[in-house]
Amino acid sequence: MLKMRPAQMLMRIVSEKGFVDWYVKEFMPDNLPEFHQALSTESLEDMVRSGRKAAMAYGFSEPDSIFHFVTLMWIVGPNFMDFSGFKEALECKDLDEAGRIDALYNVDSELSAEAIINADDTAWWRIHP
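No experiment lies behind these values; they were computed from the predicted model shown.

### Notes on the packing of helix H5 (residues 63–75) against helix H7 (residues 97–105)
At their nearest, the axes of H5 and H7 sit 10 Å apart, and the two run at 20° to each other. One finds that H5 runs roughly parallel with respect to H7. Seen along the crossing, H5 lies across H7 with a hand that is left-handed. Two secondary-structure elements touch here, H5 through Ser65, His68, Phe69 and Leu72 and H7 through Glu97, Ala98, Ile101, Leu104 and Tyr105.

Put into structure tokens, the structure is as follows:
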């Protein structure tokens, strides 16, 4: 019987094209339908590509970590990393990628609300560190 390891299942989303295609065409319709329906495929692809680059600029290299980072850009706002709680989680060098992603998801709800309220959609095209 053929068994696939988790790393093998992620292989198709390691490349930029594979990640963008999967995220826009397979993940977004079921999980982020309001965004998927509101924007053209080309715009979505550009935004996801930019989000992937931002994730990598913050030191994420694993496809599952990049996926979570990009998803937070959609849910919280593309500039979530500029806000207290998120900024500190991203800067924490004591944590590995999965630990930093967990820290991002565990940011205090008041801090998260501040980031959501002050989301800046132009940040999708910002050049990240």
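Right, picking up where we left off after that structure.
### Description of the pattern of salt bridges
What the rule picks out here adds up to five salt bridges. The salt bridge partner of Arg126 is Asp82, with a shortest N-O separation of 2.8 Å. Of this pair, Arg126 sits in the segment after helix H8 (109–117) while Asp82 sits in the loop between H5 and helix H6 (86–91); the two residues are 44 residues apart in sequence, bridging distant segments of the chain. Given the relative accessible area of 31%, Arg126 is considered partly exposed. Shared partners join several salt bridges into a network, and the residues in it are Glu16, Asp46 and Arg49.

### Structural notes on the packing of aromatic side chains
Following the criterion strictly, the structure yields 14 aromatic pairs and no others. Aromatic pair Phe27 and Phe67: ring centres 4.8 Å apart, planes at 90°, arrangement edge-to-face. Placement of Phe27 in helix H2 (residues 16–31) and of Phe67 in helix H5 is noted, with a sequence separation of 40 residues between them. For the pair shown, Phe27 and Phe67 are each scored as buried. Both rings, one in Phe60 and one in Phe69, keep their centres 5.6 Å apart while their planes meet at 45°; by these two values the pair is tilted. Across the pair, Phe69 and Phe60 agree in class, each one buried.

### Some details on the side chain of Asn79
Position of Asn79 relative to the elements: it lies in the loop between H5 and H6. In terms of polar contacts, Asn79 uses its side chain to reach the backbone amide nitrogen of Asp120, at 2.9 Å. Asn79 has contacts with Asn118, Ala119, Asp120, Ala123 and Arg126, leaving out every residue within four places of it along the chain.

### Remarks on helix H4 (residues 41–57)
With 17 residues, H4 extends 24 Å from end C-alpha to end C-alpha; this agrees with the ideal 24 Å at 1.5 Å per step. Listed in full, the buried residues belonging to H4 are Leu44, Glu45, Met47, Val48, Ser50, Gly51, Arg52, Ala54 and Ala55. Of the residues one or two after H4, Gly59 is the one with positive phi, at around 95°.

### A closer look at H2
Where H2 bends most, at Tyr23, the angle is about 35°. Taken residue by residue, H2 has Gly18, Phe19, Val20, Trp22, Tyr23, Val24, Phe27 and Met28 as its buried positions.

The rules behind each value
Residues numbered from 1 in each chain as written. Predicted model: local features only at pLDDT ≥ 70, side-chain atom pairs only at ≥ 80, totals over all residues. Heavy atoms only, no water. Axes fitted to C-alpha atoms, helices over the stretch in contact; angles between N-to-C directions. Helix = DSSP H or I, 4+ residues; strand = E, 2+ residues; numbered from the N terminus. Parallel < 35°, antiparallel > 145°, perpendicular 65-115°, else oblique. Left-handed = near helix turned anticlockwise from the far one by under 90°. Contact = heavy atoms within 4.5 Å. Salt bridge = Lys/Arg side-chain N within 4 Å of Asp/Glu carboxyl O. Buried < 20%, exposed > 50% of the residue type's maximum accessible area, 1.4 Å probe, protein only. Phe/Tyr/Trp six-rings, centres within 6.5 Å; stacked < 30°, edge-to-face > 60°. Polar contact = N/O pair within 3.5 Å; in protein donor to acceptor, adjacent residues only side chain to side chain. Expected span 1.5 Å × (residues − 1). Bend = angle between axes of the 7 residues up to and from the residue.

Shape descriptors only; they carry no functional weight alone.
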